[in-house]
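Close look at the chain arrangement
Take a look at the letters that make up each chain.
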Amino acid sequence: MSDLARDPVFGEVARRLQARAFASIQNEPARDELADAVTWAYVAFRRERLERDEVAAMVGHSGLFHREVRTDRGEEQHVHALVRGLRACAGDHPALAALAAAYAGYSTAPDERRLMGVVNVTPDSFSDGGNYLDPSRAVEHALRLVEEGADLLDVGGESTRPHAEPVALDEELRRVVPVIAALAKRTQTPISIDTTKSEVARAALDAGASIVNDVSAGRLDPAILAVTAAHRAGFVAMHMQGDPRTMQAAPQYGDVVADVTEHLRERCYVALEAGIERSKLWIDPGIGFGKTLEHNLELLRRLAELRSLGLPIVLGVSRKSFITKITGRETPPEQRIGGTAAALAIGVQNGAEILRVHDVAVMREAVLVARAISER
Ligand code: HH2
């Protein structure tokens, strides 16, 4: 058996699921086959991060390795076959189904480095509340963001700013569903729904969204994970200490980066065990969500440490109030462009891949320049 537990997120999930999958398979040859298949999926998953010799040493005992490793392409095909096979025999075995989902798409990660344009259909968002409450204005705004270079649109109907009051389910649905339905007809740009409610996520996915962006990472309404999995949608797991009403009261951490990483690791286990595909899972440190200025700065400085989870990092610094705490000036949110660009540039350098921004045109320029400098 391969040492699956060596992989930070995937390994732990596979270990948990595998034990259950094995327990549900009675005959020995099938167990051996699964063991080989799991070894294979692991090899393929780690392909880009392990030297070939390391891989060979690790799974040297596997006959399959010697029989079938020919080319990288061969590995990829094998894992696709594995996923198909696991799905086919998943039937009554939820653990197998979840295992198949966890393996699926390991090698098909698209270019994850993208700009996510913010579309707030709310009366009270901290920076643009009330501007796009009317659905047709929200749609026009979103289409303008696409023209400016947004690769994703993040539509939200509930403000998560500090002390924000929760929005009733009906009201949130009323705000976001028409906007998503209209956008899905008018643009191919993938749409994420920024919500913590499973019912809103379900309606948004049915209306044409393909990603769920949950600032509570499935803590506030755990059913959101199953809804996301059932739609085979993407999931952004964000870190937040407490909830928006209480989060800024007295945020406390031991080592903020280590604590956020561990929290996200655990939330990712839960998301994967619910059947969300690994290749569709993104993490986000949640800048400003239950964090002091120092916590935010430390997270941005050491963002690269989150890469130990092996998942794309989403970063939301746009127009946030930590910028005014640094400058000492209470500038209105739409004037915090310089601070946003500076924080984005450092974020990009430290490995952030999906940048959630309000000012797409300007931030596209900032991100492209930051990338050009940080990549040799
Ligand atoms: N920040 C906000 C909302 N959603 N989602 C992710 N993944 N990351 C973030 O940093 C993030 C988020 C807050 O910004 P905004 O949507 O502009 O404000 P409000 O919550 O007041 O609507």
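Residues numbered from 1 in each chain as written. Predicted model: local features only at pLDDT ≥ 70, side-chain atom pairs only at ≥ 80, totals over all residues. Heavy atoms only, no water.

Along the backbone of the protein chain there are 15 helices and 8 strands. Taking all 376 residues of the protein chain together, the buried fraction comes to 54%. Partitioning the intrachain contacts of the protein chain with sequence separation of at least 6 by distance along the chain shows that 68% fall at a separation of at least 24. Of the roughly 16100 Å² of accessible surface on the protein chain, a fraction of 51% belongs to carbon and sulfur atoms. (Helix = DSSP H or I, 4+ residues; strand = E, 2+ residues; numbered from the N terminus. Buried < 20%, exposed > 50% of the residue type's maximum accessible area, 1.4 Å probe, protein only. Contact = heavy atoms within 4.5 Å. Areas by Shrake-Rupley, 256 points an atom, 1.4 Å probe, with all protein chains shown as cover.)

Of note in this structure, R232 is not a glycine but carries a positive phi near 50°. As for its position among the elements, R232 is in the loop between α10 (223-230) and β5 (234-238). The backbone of R319 sits at a positive phi, close to 60°, despite the residue not being glycine. Exposure remark for R319: the relative accessible area of 10% places this residue in the buried category.

By volume, the second largest pocket amounts to about 500 Å³. Together, 32 residues line the second largest pocket, and F126, T160, R161, F289 and K320 are the ones closest to its centre. Taken together, the elements giving at least two residues each to the lining of the second largest pocket come down to β1 (114-120) and α13 (322-327). Within the lining of the second largest pocket, the residues separate by chemical class into 10 nonpolar, 13 polar and 9 charged. (1 Å grid on protein atoms, 1.4 Å probe; cavity = no way out; pocket = protein on both sides within 12 Å on 5 of 7 lines; lining within 4 Å. Points joined across faces, edges and corners; volume = space filled by probe spheres on them. Nonpolar A, V, L, I, M, F, W, Y, C, P; charged D, E, K, R; others polar.)

This part covers the nonpolar core. Counting 68 residues, the largest nonpolar core has V155, I180, L183, F235 and L355 as the members making the most contacts within it. Top contributing element to this core by residue count: helix α11 (residues 256-273), with 7 residues. What V155 contacts, discounting residues up to four positions off in sequence, is V119, V121, V176, V179, I180, L183, I191, S192, I193 and D194. Core analysis: the second largest hydrophobic core is formed by 7 residues, L152, W282, V314 and I354 among them. (Core = buried A, V, L, I, M, F, W, Y, C linked by side-chain atoms within 4.5 Å.)

This part covers the environment of G218. Structurally, G218 can be placed in the loop between β4 (211-214) and α10. It is 7.6 Å that separates the C-alpha atoms of G218 and R267, two residues lying 49 residues apart in sequence. Leaving out residues up to four positions away in the same chain, G218 has contacts with I224, L225, F235 and R267.

Attention shifts here to the confidence of the model for the protein chain. When the pLDDT values of the protein chain are averaged, the result is 80; 70% of them are 70 or greater. Scored below 50 in pLDDT, residues 1-6 shows 24 contacts in the model against residues more than four places distant or in partner chains. Taken as a whole, residues 43-76 scores under 50 in pLDDT and shows 54 contacts with residues more than four places along the chain or in a different chain. (pLDDT = per-residue confidence, 0-100.)

For the rest of this paragraph, the subject is the site of the ligand. As a matter of local geometry, the ligand sits amid 17 residues, with S125, S159, T160, D284 and H358 nearest to it. Contacts to the ligand include N213, whose side-chain N or O atom sits 2.8 Å from a nitrogen atom. Residue D284 places a side-chain N or O atom 2.7 Å away from a nitrogen atom belonging to the ligand. Look at the ligand: alone it shows 480 Å² of surface, and the protein chains cover 98% of it. Class assignment for the residues of the shell around the ligand results in 5 nonpolar, 7 polar and 5 charged. (Near = heavy atom within 4 Å. Polar contact = N/O pair within 3.5 Å; in protein donor to acceptor, adjacent residues only side chain to side chain.)

Turning our attention to the packing of helix α8 (residues 169-186) against helix α9 (residues 198-207). Two numbers describe how α8 lies on α9: the axes approach to 8 Å, and their chain directions differ by 20°. Considering the angle they form, α8 stands roughly parallel to α9. Judged by the twist between their axes, the crossing of α8 over α9 is right-handed. Taken together, the residues of α9 that come into contact with α8 (itself represented by L169, E172, L173, V176, V177, I180, A181 and A184) are E199, V200, A203, A204 and A207. Looking at the contact of α8 with α9 residue by residue, the class counts come to 11 nonpolar, no polar and 2 charged. (Axes fitted to C-alpha atoms, helices over the stretch in contact; angles between N-to-C directions. Parallel < 35°, antiparallel > 145°, perpendicular 65-115°, else oblique. Left-handed = near helix turned anticlockwise from the far one by under 90°.)

Attention now goes to helix α14 (residues 337-349). The terminal C-alpha atoms of α14, which comprises 13 residues, lie 18 Å apart, in line with the 18 Å expected from a rise of 1.5 Å per residue. Here α14 has its buried residues at T340, A341, A343, L344, G347 and V348. Structurally, α14 contributes buried residues whose contacts are with α12 (293-301), β7 (313-315), α13, β8 (352-357) and α15 (360-374). Positive backbone phi, at 110°, marks G351, one or two positions downstream of α14. (Expected span 1.5 Å × (residues − 1).)

Once that is clear, we can look at the side chain of T196. Within the fold, T196 resides in the loop between β3 (191-194) and α9. Residue T196 is classed as buried on the basis of its relative accessible area, which comes to 10%.

Right, let's get into the pattern of salt bridges. Per the stated rule, a full pass over the model turns up 18 salt bridges. In this structure, E171 engages R174 in a salt bridge whose closest nitrogen and oxygen atoms are separated by 2.9 Å. Of this pair, E171 and R174 both sit in helix α8, 3 residues apart, which is roughly one turn of that helix. We classify R174 as exposed; its relative accessible area is 57%. The structure contains a network of salt bridges with shared partners spanning D255, E294, E298, R301, R302 and E305. (Salt bridge = Lys/Arg side-chain N within 4 Å of Asp/Glu carboxyl O.)

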